[in-house]
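If you want the building blocks of each chain, they are given just below.
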Amino acid sequence: MTDTVIIGGGHNALVTAFYLAKAGRTPLVLERRPIVGGCAISEDFAPGFRAPTLAHTLGPIRPSIVRDMQLERRGVAFARPDPRILAPADDGRVLAFTNDPRTSAEAIAKFSAKDAARYPEFCDALGKVGGFLQSLVEMTPPSIDAPSKAEMWELLKTGRKFRSLGRRHSFALLRWGPMAVADLVAEWFETDLLRAAIAAPGIFGTFMGPWSAGTGAVLLLAAANDPQPGGTSVTAAGGPGHVTHAMAEAAREAGAEIRTGVDVVRILVRDGAVSGVALADGTELAANVVISGVDPKRTFLGLVDPVELEPGFLTRIRNYRVPGTAAKLNFALSSLPAFTGLDGTDAASALRGRVHIGPGIDYLERAFDASKYGEIPEQPYLDVRFPTLTDPSMAPAGRQVMSVYMQYAPFTLRGGATWDSRRSTLASTVLRTLERYAPGVTRLVEHEQVITPPDLERVFGLTGGHVFHGELALDQLFTMRPTLGWGQYRTPIRNLFLCGSGTHPGNGLTGGSGRNAAREILKSR
Ligand SMILES: Cc1cc2nc3c(=O)[nH]c(=O)nc-3n(C[C@H](O)[C@H](O)[C@H](O)COP(=O)(O)OP(=O)(O)OC[C@H]3O[C@@H](n4cnc5c(N)ncnc54)[C@H](O)[C@@H]3O)c2cc1C
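Criteria and cut-off values
Residues numbered from 1 in each chain as written. Predicted model: local features only at pLDDT ≥ 70, side-chain atom pairs only at ≥ 80, totals over all residues. Heavy atoms only, no water. Pairing = 2+ DSSP bridges. Helix = DSSP H or I, 4+ residues; strand = E, 2+ residues; numbered from the N terminus. Axes fitted to C-alpha atoms, helices over the stretch in contact; angles between N-to-C directions. 1 Å grid on protein atoms, 1.4 Å probe; cavity = no way out; pocket = protein on both sides within 12 Å on 5 of 7 lines; lining within 4 Å. Points joined across faces, edges and corners; volume = space filled by probe spheres on them. Nonpolar A, V, L, I, M, F, W, Y, C, P; charged D, E, K, R; others polar. Buried < 20%, exposed > 50% of the residue type's maximum accessible area, 1.4 Å probe, protein only. Near = heavy atom within 4 Å. Polar contact = N/O pair within 3.5 Å; in protein donor to acceptor, adjacent residues only side chain to side chain. Areas by Shrake-Rupley, 256 points an atom, 1.4 Å probe, with all protein chains shown as cover. Phe/Tyr/Trp six-rings, centres within 6.5 Å; stacked < 30°, edge-to-face > 60°. Core = buried A, V, L, I, M, F, W, Y, C linked by side-chain atoms within 4.5 Å. Contact = heavy atoms within 4.5 Å. Right-handed = clockwise from strand over helix to strand, strands pointing away.

Chemist: Please give an account of the sheet that holds strand β6 (residues 85-88) that cites residues and values.
Modeler: Read from one edge of the open sheet, seven strands run β7-β6-β14-β15-β16-β13-β17, paired in mixed fashion. Each edge of the sheet is formed by a strand with only one pairing partner; in this case those strands are β7 (94-97) and β17 (445-451). Mean inter-strand twist for the sheet, computed between neighbouring axes without regard to direction, equals 20 degrees. One ladder, built from two bridges, connects β6 with strand β14 (residues 354-357); its direction is parallel. Pairing of L86 across the sheet is with V355, part of β14.

Shown next, in the form of structure tokens:
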């Protein structure tokens, strides 16, 4: 009998495994793919070229997790590029966001003196509100029906922190969440490029455009991880795969066992309690506790026999929205592309952060519009990185890797078109878009890897191709993630828990869901 089985070896599952093992449990992690890391992996995609296959920026990982898992001692070199973000404009200029708000403001002044004057105040407001929200992402959402004394105490402490925000910032927090992020940024700034770059974390990974209500909440959730306008740019040499490799080492050292190439096909239940898992090869493993690091839809609709779940719960999980809109393209380049607007600067240091392609709010909204109707936008929103500038060993000498996150790529194409017939359209659309800002980039391409939304589901196990295991919408956050009444990592099946991104807080590579889940699981026995 195994003490605890964890399904999936994504970064959240590895974090959960580590904390359980540290507390004396003996978790067994079962990962379907040949490597652990889930969406946080680095793989070879062409001879001599290695890319962050999917995610290329960290959430960032919660500092306490970095410390507890001793990730830096294990060789992880985190990179905090400066400038953090470059946002090219349509007129050939480039706006650089640096780590120091004053130098960012100087760059903004070239676009608008008024915006430059407001920027430090915006940084301050986002920092204060983000700081408060950080305490919310670290806590377990309280029970709605019967909050315990400890939960009431936590809520009281949260209430005090909220009050200490002061009238202005607490009011901002309450207003910003339900707002469309386009309205939010318009209240502060007049430059369209600046508005779009700052609004982008509010739409990243979602099936929402900047004019969708509630994108303000997604922006705030991102600010809880890193409150800098435009979002985080933290990465690691070797890509996020290097981080999950070290996480696996930490979990093993603490006492966890990790097996790869093991596909769990069924969660076994007896008398309302979990009793183990069945594997694709027919083996059954008995276990006292099963924890799923796989998304909630796949867990409850794919792995659990529906007779074990109450119909109301099943309906809510069926209604849980997972509309994927992301594609990922990795390009092997013969050299670094020349971005207009960077002439005369040291391009290799300027491009170490993220490049935001989406020069205006309407541009982003139109890209979303196309995907709403099942079409690939002609001018997509792109988030681009050159991981070889942080770690040159990811390509042969002198060559570069260009990692492109593309949004909005609708999971279901209009008129029943298949994605396999649109793979090359995706690559040409992305390159055509980039040509406007980095003329000649297409000629530098030696190899390309195109990962479509259905690939995200089929190969990487993300239902609907959703990068966060489920939409980060107001009705699917906090006590309602994944669904109302089940926001505490427990499930209707005794000793079956969730620890993946489909649980609170669930927004990206922070380890937050895995850490919070481990705390609750350890309380439960
Ligand atoms: C293209 C893309 C770009 C992204 N970019 C960023 C970014 O820049 N920054 C950021 O913070 N976040 C980004 N994200 C989101 C982030 O990577 C994910 O939200 C996060 O990695 C989820 O982690 P997880 O551990 O919860 O689950 P996952 O990483 O999804 O891991 C789940 C694991 O379970 C395994 N599995 C599934 N089914 C089974 C089964 N039946 N048996 C055994 N194993 C199974 C899967 O193979 C997978 O390894 C991106 C995601 C994608 C897809």
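Chemist: Go over empty space enclosed by the protein, please, and point to the residues and values.
Modeler: If you roll a probe as big as a water molecule over the atoms, it shows you where there is empty space left. In this structure the tally under the stated criterion is two cavities of 30 Å³ or more. Put simply, the largest cavity is a space of about 60 Å³. Across the lining of the largest cavity, the residue classes break down as five nonpolar, four polar and two charged. Lining of the second largest cavity is provided by L126, P201, L219, A222, A223, D226, P227, Q228, P229, G230 and G231. Per-element accounting of the lining of the second largest cavity gives the leading share, three residues, to helix α9 (residues 215-225).

Chemist: Tell me about helix α8 (residues 192-199), residues and numbers included.
Modeler: Burial runs high along α8: six of the eight residues are buried. Those residues of α8 not exposed but buried are L193, L194, A196, A197, I198 and A199.

Chemist: So what about the site of the ligand? Which residues, and what values?
Modeler: The immediate surroundings of the ligand are formed by 37 residues, with E31, T57, V467, H469 and L509 found nearest. One nitrogen or oxygen atom from the side chain of E31 is found 2.6 Å from an oxygen atom belonging to the ligand. For the ligand, a nitrogen atom lies 3.3 Å from a polar atom in the side chain of D263. Protein contacts shield 97% of the accessible area of the ligand, which totals 1,000 Å² for the unbound molecule. Of all the secondary-structure elements, those providing two or more residues to the shell around the ligand are α1 (11-22) and β2 (27-31). Residues of the shell around the ligand, tallied by class, amount to 16 nonpolar, 15 polar and six charged.

Chemist: Let's hear about the layout of surface pockets: which residues, and what values?
Modeler: Roughly 540 Å³ of internal volume is contained in the second largest pocket. Surrounding the second largest pocket, 18 residues form its lining, L133, L136, L173, L474 and F478 being those nearest its centre. For the lining of the second largest pocket, the secondary structure elements donating two or more residues are α4 (113-138), α5 (149-164), α6 (166-176) and α9. The greatest single-element share of the lining of the second largest pocket, amounting to four residues, is contributed by α4.

Chemist: Any details on unusual backbone geometry? Residues and values, ideally.
Modeler: Following Q407, the chain continues into Y408 via a peptide bond in cis, with omega recorded as 15 degrees. Along the chain, Y408 turns up in the loop between β16 (400-407) and α15 (423-435). With an omega of 5 degrees, the peptide bond running from R481 to P482 counts as cis. Mapping P482 onto the fold places it in the loop between α16 (453-458) and β18 (496-498). A positive phi is found at Y489, a non-glycine position, where the angle reads about 75 degrees. Note that Y489 resides in the loop between α16 and β18.

Chemist: Could you give me a rundown of the packing of aromatic side chains, with the residues and numbers involved?
Modeler: Tallied over the full model, the rule gives 17 aromatic pairs. Consider the rings of F45 and F49, whose centres lie 6.2 Å apart with planes at 55 degrees: the pair is tilted. Like F49, F45 is buried. With centroids separated by 6.3 Å and ring planes inclined at 75 degrees, the aromatic side chains of W176 and W188 adopt a geometry described as edge-to-face. On the criterion of sequence distance, the pair formed by W176 in helix α6 and W188 in the loop between α7 (181-186) and α8 is long-range, its members being 12 residues apart. With relative accessibility at 3%, the residue W176 sits in the buried group.

Chemist: Describe the nonpolar core, with residues and values.
Modeler: Generally speaking, a soluble globular protein has its nonpolar side chains buried in company with each other. Residues L95, F97, Y119, F122, L133, W176 and I198 are the most contacted members of the largest nonpolar core, which totals 49 residues. Those elements that place two or more of their residues in this core are β6, β7, α3 (101-109), α4, α6, α7, α8 and α9. A total of 11 residues in this core trace back to one element, the largest contributor, which is α4. Contacts of L133, omitting those with residues within four sequence positions, involve L173, L220 and A224.

Chemist: Run through the pairing of β2, naming residues and quoting values.
Modeler: Of all the five residues making up β2, five are buried; the element is thus mostly covered by neighbouring parts of the structure. One ladder, built from four bridges, connects strand β1 (residues 2-7) with β2; its direction is parallel. The residue bridging I7 from the neighbouring strand is L30, located in β2. With respect to chirality, the unit in which β1 leads through α1 into the neighbouring parallel β2 is right-handed. Alignment of β2 against strand β9 (residues 257-260), held across four bridges, turns out to be parallel. Bridging across to β9, L28 finds its partner in E257.

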